[in-house]
Amino acid sequence: MVDSIARVKHIRVTPQKARRVVALIKGKQAQEALAILKFAPQSASEPIYKLVESAIANARVKADRDGEYLDEQDLYVSNAYVDEGSTLKRFRPRAQGRAFQIKKRTSHITVVLATPVVAETAGATTKKASK
């Protein structure tokens, strides 16, 4: 089983908007997730598309390093989440010398890809546990 993680930090997308896009791909196959993200109208879909591509490349490199076979069609998005990053605070001049604060929010996005567990190895572990 190959797990690969890809992260991007301090990306200039609000977490609320990024979570809407991440919810579209959670649990889907990696290639299907790329197709969904390619045609999603949200602006947050482009950096998440690049992140899923990076996670696929990470899985390929990890499998080559460990000498394992990896079929990219088997990869699926096992977990994807968005955390809130630091907020950039800016000020906008208003009437009569006042200033209004503008908060430019950032996100930390994480995508975890995995291959499904083979049923034979899962059955072998339950036999050992029952003895």
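Structure: see above.
It should be emphasised that the depicted structure is a prediction, and the values quoted were computed from it without experimental measurement. (Residues numbered from 1 in each chain as written. Predicted model: local features only at pLDDT ≥ 70, side-chain atom pairs only at ≥ 80, totals over all residues. Heavy atoms only, no water.)

Asker: Please explain the overall build of the chain as it appears in this structure.
Answerer: Within the chain, the regular secondary structure consists of four helices and three strands. Start at the N end of the chain and walk to the C end: the helices and strands fall as β-α-α-α-β-β-α. Here the chain holds 131 residues, and 31% of them are scored as buried. The contacts of the chain with a sequence gap of at least 6 include a subset with a gap of at least 24, amounting to 71%. (Helix = DSSP H or I, 4+ residues; strand = E, 2+ residues; numbered from the N terminus. Buried < 20%, exposed > 50% of the residue type's maximum accessible area, 1.4 Å probe, protein only. Contact = heavy atoms within 4.5 Å.)

Asker: Would you mind showing me how to read the environment of Ala55 here?
Answerer: With respect to the helices and strands, the residue Ala55 is situated in helix H3 (residues 45-66). Through-space distance from the C-alpha of Ala55 to that of Val111 is 7.1 Å; in sequence the pair is 56 residues apart. Setting aside its immediate chain neighbours within four residues, Ala55 contacts Ser4, Ala6, Val111 and Leu113.

Asker: I tried to follow helix H1 (residues 15-25) on my own but got confused; where do I start?
Answerer: Since the α-helix advances by 3.6 residues per turn, residues separated by three or four positions end up pointing in the same direction. Within H1, burial applies to Pro15, Ala18, Val21, Val22 and Ile25. Seen along its axis, H1 keeps its buried residues to an arc of 125°; they face one direction. Looking at H1, the residues exposed on the side facing more than 90 degrees away from the buried face are Gln16, Lys17, Arg20 and Ala23. In the core, the buried residues of H1 are packed alongside helix H2 (30-38), H3, strand E2 (76-93) and strand E3 (99-114). Gly27, located one to two residues past H1, shows a positive phi value of around 85°. (Arc of directions from axis to C-beta.)

Asker: Where do I start with the sheet that holds strand E1 (residues 3-11) in this structure?
Answerer: Strand pairing within a sheet occurs via backbone hydrogen bonds; the two strands may be parallel or antiparallel. Across the sheet, which stays open at both edges, the three strands sit in the order E1-E3-E2 with antiparallel pairing between neighbours. Looking at which strands have only one partner, the edges of the open sheet turn out to be E1 and E2. With strand direction ignored, the average angle separating the axes of adjacent strands in the sheet is 10°. As paired elements, E1 and E3 share seven bridges and run antiparallel to each other. (Pairing = 2+ DSSP bridges. Axes fitted to C-alpha atoms, helices over the stretch in contact; angles between N-to-C directions.)

Asker: Looking at this model, I keep getting lost on H2. Mind explaining?
Answerer: Within H2, the full set of buried residues consists of Ala30, Ala33, Leu34 and Leu37. The arc enclosing the buried residues of H2, seen along the axis, measures out at 100°, which places them on a common side. The secondary structure elements touched by the buried residues of H2 are H1, H3, E2 and E3.

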